[in-house]
Amino acid sequence: MTRVVIILGPPGAGKGTQAANLSANLGLAHIATGDLFRENLKNNTALGEKARGFMNSGRLVPDALVIEMLFDRVAKPDCEVGYLLDGFPRTLPQAAALEQALGEAAGVQALNLEVADESIVGRATGRLLCRGCTAIYHRSFRPPVTDGVCDECSGELFQREDDEEKVVRERLNVYHTETAPLVEYYSARNLLVGVNGEQAPDQVTGALMAALAAVCANDGGGTQ
Ligand code: AMP
């Protein structure tokens, strides 16, 4: 059975960092729809052109575009045993499309990173990304050894246009209207575990791993 782990949480809650840690620990492919879009922007693809305006203003890319891109990606062989979704689903129609596509053939678990709005603005506006390998840094909480340079691949670090404060606030609004209802959606299906995302990154990873282990134990050690 394919294992699908969904990481929910507001923008800047640490989904990317945690998804990278969990994917390494669990041996599951890390699929981040934001990274897939940024890749398309970088390569000036038709999809990238369609997504650019939405992304730069902090709005969501229309469901149909995201869903097609996501399903293409998870059809690849590295997702056969399972994958970890970071930034998808972000709307109820996306969640419904995923549920319909997976049917009974997957064990789904949703993890919700709980972080207060006030913390989000400070986090997102200090975030830096590597152009080369998409590693994530923070000006205060996780600075690179050399200013502006990635520790892992020496790539150039940059601030995402949508991490500017005005855009972050807009993304938070969008989160509360469009994405927060997913917490109830997965909770109603008994598939949600909430974790305090305000702790240090390693502690959050530990809490997420413990939550997944507890769910597995409750399922009798199955692959859910
Ligand atoms: P992220 O890196 O996950 O914060 O995504 C960056 C931007 O990509 C978002 O602000 C959206 O404009 C777009 N995006 C990423 N994932 C989705 C999604 N599941 N649905 C709609 N738009 C998305």
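This text goes with the structure placed above it.
We now turn to the structure provided with this report. (Residues numbered from 1 in each chain as written. Predicted model: local features only at pLDDT ≥ 70, side-chain atom pairs only at ≥ 80, totals over all residues. Heavy atoms only, no water.)

### Section: the pairing of strand S1 (residues 2–8)
So, point 1. Among the seven residues of S1, seven are classified as buried, and the element is accordingly described as predominantly covered.
So, point 2. Here S1 pairs with strand S4 (residues 106–114) via seven bridges, running parallel. Counted as the bridge partner of Val5 is Gln109 from S4.
So, point 3. Summarising the sheet, S1 and strand S3 (residues 82–86) pair through five bridges and their orientation is parallel. Residue Arg3 lies in a different strand from S3, and its bridge partner there is Gly82. (Buried < 20%, exposed > 50% of the residue type's maximum accessible area, 1.4 Å probe, protein only. Helix = DSSP H or I, 4+ residues; strand = E, 2+ residues; numbered from the N terminus. Pairing = 2+ DSSP bridges.)

### Some details on the layout of surface pockets
So, point 1. Of the pockets and cavities examined, the second largest pocket occupies roughly 530 Å³.
So, point 2. Taken together, 20 residues form the lining of the second largest pocket, with Arg38, Leu41, Lys42, Arg131 and Phe158 sitting closest to its centre.
So, point 3. Counting only elements with at least two residues in the lining of the second largest pocket, the list comes to helix H2 (33–42), helix H3 (46–56) and strand S5 (127–130).
So, point 4. Here the lining of the second largest pocket takes six residues from H2, the largest share from any one element.
So, point 5. When grouped by side-chain class, the residues that make up the lining of the second largest pocket number seven nonpolar, four polar and nine charged. (1 Å grid on protein atoms, 1.4 Å probe; cavity = no way out; pocket = protein on both sides within 12 Å on 5 of 7 lines; lining within 4 Å. Points joined across faces, edges and corners; volume = space filled by probe spheres on them. Nonpolar A, V, L, I, M, F, W, Y, C, P; charged D, E, K, R; others polar.)

### Examining the site of the ligand
So, point 1. The local shell around the ligand holds 16 residues, among which Thr33, Arg59, Gly87, Gln94 and Arg171 are the closest.
So, point 2. Contact distances for the ligand include 2.9 Å between an oxygen atom and a side-chain N or O atom of Arg38.
So, point 3. Measuring from a nitrogen atom of the ligand, one finds a backbone N or O atom of Gly87 at 2.8 Å.
So, point 4. The element contributing the most residues to the shell around the ligand is H2, with four residues.
So, point 5. Considering only residue class, the shell around the ligand consists of six nonpolar, four polar and six charged. (Near = heavy atom within 4 Å. Polar contact = N/O pair within 3.5 Å; in protein donor to acceptor, adjacent residues only side chain to side chain.)

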